[in-house]
Amino acid sequence: MAKYIEMIRMRFLMMLAYRTNYYSGIFIYSINIGAYYFLWSAIYGGQSSIQGMTVEQMTTYVAIAWMARAFYFNNIDREIAMEIRDGKVAIELIRPYNYLVMKTMQGLGEGIFRLIFFSLPGMLIVTFVFSLQFTTNVHTWGYFTLSTILSFIINSQLNLLAGMVTFFTLNGEGLLRAKRFIIDLFSGLILPISFYPEWAQHVMHYLPFQAISYIPSMIFTESFTGDVAIKGMMFQAVWCVVLIVPIYLLWKAAKRKLIIQGG
Amino acid sequence: MYAIEVEKLRKEFKSYSSRSGLAGAFRDLFTRNYKIIRAVDDISFTVKQGEMVGYIGENGAGKSTTIKMLTGILTPTSGRVVVNGMNPHKERERFVQTIGVVFGQRSQLWWDIAVQESFRLLKKVYRVSDQDYNEHMDHVIETLDIGPLLDKPVRKLSLGQRMRCELAAALIHNPPLLFLDEPTIGLDVLVKLKIRQFLKEINEKYNTTILLTTHDMTDIEALCERVIMLDEGKIIYDGSLQHLKQNWGEGKQIHFQFRDLVSKEELASLVHVTWEQGEDRYNWIAHVRANDMAHVIGKVVSSYELKDIHIREVSTEEIIRNIYEEGIHYG
């Protein structure tokens, strides 16, 4: 276990080495949130609520969804693809650890870094500029924290899957881009799932994407409370477990078929 | 007990070839041409604990592929591999704990952060106790003279500095078996000497087995008593370096510098050996067997006036080149 914790620390240090990159990131995220804030304010117009959400809930939803994204979002899919492409995965295989767990830990190190140096200061800026509604309910914060951790796990699992597909295709750039877009769209980052047409909502109920952004954000805005919140987190937990199966199978197949390029 | 046992090891790759032109590219979408390439072709050898073995061959001879199979990165197509008493691929996590690997062309340190952070992570990864680490690594760091480099990020190191750190990183868990894949590539003479010195030292101190691939024959001469030579996936020579030199490097080259112009025919009629022209027609090189040396020199000296003469031994490099060019079947 110590080695995995050390890896989190290591990635944290690496991010710290390039921390200046992140000051511009805060700015970009703030602009994104601002744009959606004004967009939704305009859409709401005089209406007090749409689909059961007030305008305050909606704008808070947007802000928290983006800030949570900074935590769960990582590039380990791209890194895995790259390490396969230039053969660096060979070195990873001569280490006495599980490559996929190590990658997830790197993602976590990155996530913690962004949470501290990105989400928190970013949130502070955003609350000064826009009127957002933060709950003081301790339960909500607790649920939200747990839910965000689960969304990190699911997002990382999907990244591992996407990255590993490059074991078979050896070039998955297009696929990775498509995956990123699908997650942004279907996770509820851009539009809450409750705004999608009935049939689409139905389909998405069988997919893991809403566990990434929609559920934690709805919990935070208290659109999901009590049983609904717990059901949401159950949904996340089930996907966490279910996704282990394809990861395990794909990793097994990938190891068998491993081709080290450029060696 | 052998450190490495390999029996009829084989690795085949599928190699795809693309058709030419747009129509060809279109056809490639549906069916692709490929052929099976045998990178390693039924090789067998064993290495004893504490041996230093040079594993040599031209580019593409199958050296790296073999090393990858021995380290458990690649699965063999067929054959048996037992390294440190384990099957590298089957018991990967337990197995890699007992080996150290350096790939000369690929860094295993973390590029953006200080060297000591990489060391610290590896120490945790290999579960090395503080006591063992200090005892062993203090010595390694001192011998390789990398103490002042530890707090620098890897990207700021020169190749020679980085390579010494790589070597130290591979030794953190003090493995009984060390694989070095071109560890001295692109390094200057001083760094090379330091690395060789160090490898000899750990071999003596810990009885570490070392399997080394390199294109630099001076590495092999300095370190290895035994060489395994590979060509097109097959072992063409496995034995002592001494033996190799005696059998194929027996000849000497005598370089004569004459005072007057001499033709090849004249020389050939004088003594019947292979003559090769030097820079101009004043300079001629005779390729002779060691036993005939005195005879050849005597004849030439008695018939011509000479400005200079020197005798050169055939270098290992040349021996190897000759073997590749002409094959090993004679000699």
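Thresholds, definitions, all that
- Residues numbered from 1 in each chain as written.
- Chains lettered and ligands numbered in written order.
- Predicted model: local features only at pLDDT ≥ 70, side-chain atom pairs only at ≥ 80, totals over all residues.
- Helix = DSSP H or I, 4+ residues; strand = E, 2+ residues; numbered from the N terminus.
- Rg over C-alpha atoms; globule rule 2.2 N^0.38 Å.
- Buried ≥ 20, exposed ≤ 12 C-beta atoms within 10 Å, placed from the backbone.
- Contact = placed C-beta atoms within 7 Å.
- pLDDT = per-residue confidence, 0-100.
- Domains from an automatic or database assignment.
- Core = buried A, V, L, I, M, F, W, Y, C linked by C-beta atoms within 7 Å.
- Axes fitted to C-alpha atoms, helices over the stretch in contact; angles between N-to-C directions.
- Parallel < 35°, antiparallel > 145°, perpendicular 65-115°, else oblique.
- Left-handed = near helix turned anticlockwise from the far one by under 90°.
- UniProt positions renumbered as here; feature names shortened; annotations may be inferred.
- Nonpolar A, V, L, I, M, F, W, Y, C, P; charged D, E, K, R; others polar.
- Pairing = 2+ DSSP bridges.

Side note on the overall build of chain A
A tally of helices and strands in chain A yields twelve helices and two strands. Each helix and strand of chain A, ordered N terminal to C terminal, gives the series α-α-β-β-α-α-α-α-α-α-α-α-α-α. The C-alpha radius of gyration of chain A comes to 19 Å, within 12% of the 18 Å expected for a compact globule of 263 residues. Along the first, second and third principal axes, the C-alpha atoms of chain A reach 65 × 40 × 35 Å. Across the 263 residues of chain A, 40% fall into the buried class. In chain A, the proportion of contacts linking residues at least 24 apart, taken out of those at least 6 apart, comes to 82%.

Overview of the confidence of the model for chain A
Of all residues in chain A, 97% have pLDDT values of 70 or greater, and the mean over the chain is 87. Ranking the elements of chain A by mean pLDDT puts helix 5 (residues 89-93) of chain A last, at 80, and helix 11 (residues 226-242) of chain A first, at 94.

Focus: the domain arrangement of chain B
Segmentation of chain B into domains returns domain 1 (2-12 + 41-246) and domain 2 (250-313). Domain 1 of chain B and domain 2 of chain B are separated by 44 Å when their C-alpha centres are compared.

Quick word on the nonpolar core
With 76 residues, the main nonpolar core has V53, L167, A168, A169, F179 and L212 of chain B as its most contacted residues. The dominant element in this core, judged by the number of residues it contributes, is helix 6 (residues 159-170) of chain B, at six residues. Apart from residues lying up to four places away in sequence, V53 of chain B is in contact with V47, L211, L212, C224, R226 and I228 of chain B. If you look at the next biggest cluster of nonpolar residues, it comprises 57 residues, including Y29, I33, A68 and L100 of chain A.

Examining the packing of helix 6 (residues 99-129) of chain A against helix 7 (residues 138-169) of chain A
All names here are of chain A. Between helix 6 and helix 7, the least distance of the axes is 10 Å, while the angle of their chain directions is 130°. Classed by the angle they form, the pair helix 6 and helix 7 counts as oblique. Seen along the crossing, helix 6 lies across helix 7 with a hand that is right-handed. On helix 7, the residues touching L100, K103, T104, G107 and G111 of helix 6 are F152, S156 and L160.

A word on the UniProt feature "transmembrane region" (unreviewed entry) in chain A
Residues and elements named next belong to chain A. Within the UniProt annotation, "transmembrane region" (unreviewed entry) is assigned to residues 21-39, 59-76, 112-135, 141-169, 181-199 and 233-251. Secondary structure within residues 181-199 divides into 42% helix and 0% strand; the distance between the first and last C-alpha atoms comes to 20 Å. A distance of 27 Å separates the end C-alpha atoms of residues 233-251, which is 95% helix and 0% strand.

What about the packing of helix 2 (residues 20-44) of chain A against helix 3 (residues 55-72) of chain A?
Residue and element names in this part refer to chain A. Across the interface, helix 2 lies against helix 3 with an axial gap of 9 Å and an inter-helix angle of 160°. Compared by their axis directions, helix 2 and helix 3 come out roughly antiparallel. The two elements helix 2 and helix 3 meet at a crossing, and its hand is right-handed. Together, Y29, N32, I33, Y36, Y37, W40, S41 and Y44 of helix 2 and V55, M58, T59, V62, A63, W66 and A70 of helix 3 make up the contact between the two elements. Tallied by class, residues from the contact of helix 2 with helix 3 come to twelve nonpolar, three polar and no charged.

Side note on unusual backbone geometry
Of note in this structure, Q51 of chain A is not a glycine but carries a positive phi near 50°. Mapped onto the elements, Q51 of chain A comes out in the loop between strand 1 (49-50) and strand 2 (53-54). Overall, the presence of 11 C-beta atoms within 10 Å leaves Q51 of chain A in the exposed class. In the Ramachandran plot, N207 of chain B falls in the positive-phi region, its phi being about 55° despite a non-glycine side chain. Among the structural elements, N207 of chain B can be located in the loop between helix 7 (189-206) and strand 7 (209-213).

With respect to the interface of chain A and chain B
By convention, interface size is frequently given as the accessible area that disappears when the constituent parts associate. Contact with chain A, which involves 20 residues of that partner, is made by 23 residues of chain B. Within the residue set of the side of chain A that touches chain B, elements represented by two or more residues are helix 1 (2-17) and helix 5 of chain A. The leading source of residues in the side of chain A that touches chain B is helix 1 of chain A, at eight residues. Grouping the amino acids of the side of chain A that touches chain B by side-chain chemistry returns 14 nonpolar, one polar and five charged.

So, the pairing of strand 9 (residues 234-240) of chain B
Residue and element names in this part refer to chain B. With six bridges connecting them, strand 8 (residues 226-231) and strand 9 associate as antiparallel partners. Bridge pairing in strand 9 links D231 to K234. Hairpin connection, strand 8 to strand 9: the antiparallel pair is bridged by two residues, and E232 has positive phi, about 45°.

Things to note about the sheet that holds strand 9 of chain B
Residue and element names in this part refer to chain B. On the basis of which strands lie adjacent, the open sheet formed by six strands has the order 5-6-7-3-8-9 and mixed pairing. If you trace the sheet from one side to the other, it starts and ends with strand 5 (99-103) and strand 9, each paired once. Strand after strand, the sheet turns through a mean of 15° between neighbouring axes, direction not considered. Alignment of strand 5 against strand 6 (residues 177-181), held across five bridges, turns out to be parallel. Its bridge partner lying in strand 6, V102 is registered against L180.

Re the environment of I311 of chain B
Residues and elements named next belong to chain B. Looking at the secondary structure, you find I311 in strand 13 (residues 306-313). A count of 13 C-beta atoms within 10 Å places I311 in the partly exposed class. On a C-alpha basis, the gap between I311 and F256 in space is 8.8 Å, while along the polypeptide they are 55 residues apart. I311 has contacts with K252 and I254, leaving out every residue within four places of it along the chain.

Observations regarding the sheet that holds strand 2 (residues 33-48) of chain B
Residue and element names in this part refer to chain B. On the basis of which strands lie adjacent, the open sheet formed by three strands has the order 2-1-4 and antiparallel pairing. Looking at strand neighbours, the two that pair on one side only are strand 2 and strand 4 (78-83), the edges of this open sheet. Strand-to-strand twist of the sheet, defined as the mean angle between neighbouring strand axes without regard to direction, takes the value 25°. Here twelve bridges tie strand 1 (residues 2-17) to strand 2, and the two strands are oriented antiparallel to one another.

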